[in-house]
Amino acid sequence: LDALYEVVGTASGDSRQWQKVTPGILRRDFTPSATIAGFAHGEENIKALADSVGAPTPMFDTASKLWHDALAMGFGDADPTAAIQVLERRAGIEVRGKHAP
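This structure is a prediction, so every number in the text was calculated from the model and none was measured. (Residues numbered from 1 in each chain as written. Predicted model: local features only at pLDDT ≥ 70, side-chain atom pairs only at ≥ 80, totals over all residues. Heavy atoms only, no water.)

Caption draft 1: Representation of the pattern of salt bridges. In this structure the tally under the stated criterion is 8 salt bridges. Among the salt bridges present, the one from K47 reaches D51, with a minimum N-O distance of 3.7 Å. Note that K47 and D51 are positioned in helix α4 (residues 43–52) at a spacing of 4 residues, about one turn of the helix. What makes K47 partly exposed here is its relative accessible area of 25%. Taking relative accessible area as the criterion, D51 reaches 48% and is therefore assigned partly exposed. With a shortest N-O distance of 2.7 Å, E94 and R96 are connected by a salt bridge. For E94, a relative accessible area of 45% corresponds to the partly exposed category. By relative accessible area, R96 is classed as partly exposed at 48%. Overlapping salt bridges bring together R28, E88, E94 and R96 as one network. (Salt bridge = Lys/Arg side-chain N within 4 Å of Asp/Glu carboxyl O. Helix = DSSP H or I, 4+ residues; strand = E, 2+ residues; numbered from the N terminus. Buried < 20%, exposed > 50% of the residue type's maximum accessible area, 1.4 Å probe, protein only.)

Have a look at this one:
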């Protein structure tokens, strides 16, 4: 995973967000800079706005389900990157690396 981080970071998949959050995920550091509960709060307004203009929201719907699954698993006070743990549980794996910024 550390090699994948480096490759993506030098290719077209690189972004500030990739550089900011991926090292913390690899180190299993989910110290909150925001919270999953905060992300989940207010979703109804976003969805209502999209629905009112007829905008499809497939990415939002997927993210919303992930946030709500994370809340149900007790990750509400964790950083949004902790939602990786929901996906890990579904897949039966753990994402871990040694990379540090």
